[in-house]
Amino acid sequence: MAQPTALNTGKHTFRDLLRHCNEVPSSHQIHADTNVLTGRFSNQRYRSGVSIHAADMLEEQDLDVEFNAEPRLTLCVLFEGELAFSVDGRRYHLEANEQNGCQAFALTCNGEQAVCRHIRQGRRVKKLSISVHKEWLEVEAQHSALMKRVLNGYFMAENRCVIWQPSATMVNLATQISQPPPATPALRVLQQEYHAIELMNASVQEFLLRQYQTPQSRLEKAVAYIEAHSHAPLNLSHVANHAGVSISTLQRLFKAELGKTVVQFIREQKLRKAQQWL
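Below or above, wherever it landed, is the structure these notes cover. Being a predicted model, the structure only gives us computed values, none of them experimental.

Structural notes on the environment of A168
Stage number 1. For A168, the position within the fold is in helix α4 (residues 168-178).
Stage number 2. Between the C-alpha atom of A168 and that of C102, which follows or precedes it by 66 residues, the distance is 9.5 Å.

Below is the structure:
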């Protein structure tokens, strides 16, 4: 069974945020009774070791909250809006909308990383996060070769954050968790925990596949994304997120393989598209 769920609607102070946070912040710059979020969020912690956090919020302040993350794997599906955070000073930004679709990231921490959540006034965030501690993975690794690869390889990797566009399967599972159908409380708990574990397994397979992509395949994904969206506004973070690499890696790939920057390639594609319309 699960520990009691905290379901909250309305305005939330920084103190409320701390009460339902999985980590204890090491630094922040705001009074505890200041309103920082408006909307809905819920937390669910299961005895199996799986934690679920769902939120549909509007950020009301400019705030950076830094904390030292516990050893765990976190999966997040962003349905709508923007989400920004840093890991050891490396900044990540996700944006989900009609153009980009939903976005997802997987983050592993070994207990030594400094993680900073960047809250910005006016941002909408609709997301679902699932977290499991390293001990949960150790148990699962006894029965799953896939989880063993995550435990033995990914926790030791230099880049522990992977961003990608989730599959329809992942989005459907995340939706069922965040918007469960009518059911008795006991049945709803069982359904949510089952779907959370299924979502975790699906995401592990997806981001592991991305980790073993070759640089050439990542370049091909970036080029295909730019060509398919040359009619719309494009920025480097969107392209990098779709290719599953950082902006700096994306720039190096384009320079090494195509002899030009990403911005130059985008301009060329937009010009080619405009010429086709004439």
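Back to the write-up after that little detour.
A closer look at helix α2 (residues 134-141)
Stage number 1. What α2 keeps buried is the set W136, L137 and A141. End-on view of α2: buried residues confined to an arc of 135°, all on one side of the axis.

Remarks on the pairing of strand β8 (residues 103-109)
Stage number 1. A large share of β8 lies buried, amounting to seven of its seven residues.
Stage number 2. Where strand β6 (residues 72-87) meets β8, seven bridges bridge the pair, whose relative direction is antiparallel. In the sheet register, L75 faces β8, and the bridge partner there is A106.
Stage number 3. Relative to strand β11 (residues 161-164), β8 runs antiparallel, the two sharing four bridges. Note that in β11 the partner of A106 across the bridge is V162.

Regarding the side chain of Q103
Stage number 1. Along the chain, Q103 turns up in strand β8.
Stage number 2. With a relative accessible area of 7%, Q103 lands in the buried category.
Stage number 3. Looking at Q103, its side chain comes within polar contact range of the main-chain oxygen of N100, at 3.2 Å.
Stage number 4. With residues up to four places along the chain from it excluded, the contact list for Q103 reads C76, V77, L78, L94, E95, A96, I163, W164, Q165, P166 and N241.

Regarding the packing of helix α7 (residues 236-243) against helix α8 (residues 247-258)
Stage number 1. Running from N to C, α7 and α8 cross one another at 85°; their axes reach a closest spacing of 9 Å. In terms of orientation, α7 and α8 fall into the roughly perpendicular class. Taken together, the residues of α8 that come into contact with α7 (itself represented by L236, S237, V239 and A240) are I247, L250 and Q251.

Quick look at the nonpolar core
Stage number 1. Residues L199 and M200 are the most contacted members of the largest nonpolar core, which totals 31 residues.
Stage number 2. Contributions of two or more residues to this core are made by β4 (50-59), β6, β8, β10 (124-133), α2, β11, α4 and α5 (185-211).
Stage number 3. Among the elements that take part in this core, α5 stands out by supplying seven residues, more than any other.

Quick notes on the pattern of salt bridges
Stage number 1. Counted according to the given criterion, the structure contains six salt bridges.
Stage number 2. Among the salt bridges present, the one from E80 reaches R124, with a minimum N-O distance of 3.2 Å. Placement of the pair is E80 in strand β6 and R124 in strand β10, with a sequence separation of 44 residues.
Stage number 3. The exposure class of E80 is partly exposed, given its relative accessible area of 35%.
Stage number 4. In the salt-bridge network here, residues are joined through shared partners; they are D56, E80 and R124.

Examining the environment of R267
Stage number 1. Structurally, R267 is set in helix α9 (residues 262-277).
Stage number 2. Exposure remark for R267: the relative accessible area of 61% places this residue in the exposed category.
Stage number 3. Spatially, the C-alpha atoms of R267 and S230 are 8.6 Å apart, while their sequence positions differ by 37 residues.

Brief notes about the packing of aromatic side chains
Stage number 1. Across all of its chains, the model carries three aromatic pairs by this definition.
Stage number 2. Judged by centre distance (5.3 Å) and plane angle (20°), the rings of F85 and Y92 are stacked. Just as F85 is buried, Y92 falls in that class too.
Stage number 3. Centre to centre, the rings of F85 and F105 are 4.7 Å apart; their planes meet at 35°, and the pair counts as tilted. Here F85 is found in strand β6, whereas its partner F105 is found in strand β8, with 20 residues between them in sequence. Neither F85 nor F105 differs from the other in exposure class; each is buried.
Stage number 4. Clustering of aromatic rings is evident, with ring pairs tying together F85, Y92 and F105.

What counts and what doesn't
Residues numbered from 1 in each chain as written. Predicted model: local features only at pLDDT ≥ 70, side-chain atom pairs only at ≥ 80, totals over all residues. Heavy atoms only, no water. Helix = DSSP H or I, 4+ residues; strand = E, 2+ residues; numbered from the N terminus. Buried < 20%, exposed > 50% of the residue type's maximum accessible area, 1.4 Å probe, protein only. Arc of directions from axis to C-beta. Pairing = 2+ DSSP bridges. Polar contact = N/O pair within 3.5 Å; in protein donor to acceptor, adjacent residues only side chain to side chain. Contact = heavy atoms within 4.5 Å. Axes fitted to C-alpha atoms, helices over the stretch in contact; angles between N-to-C directions. Parallel < 35°, antiparallel > 145°, perpendicular 65-115°, else oblique. Core = buried A, V, L, I, M, F, W, Y, C linked by side-chain atoms within 4.5 Å. Salt bridge = Lys/Arg side-chain N within 4 Å of Asp/Glu carboxyl O. Phe/Tyr/Trp six-rings, centres within 6.5 Å; stacked < 30°, edge-to-face > 60°.

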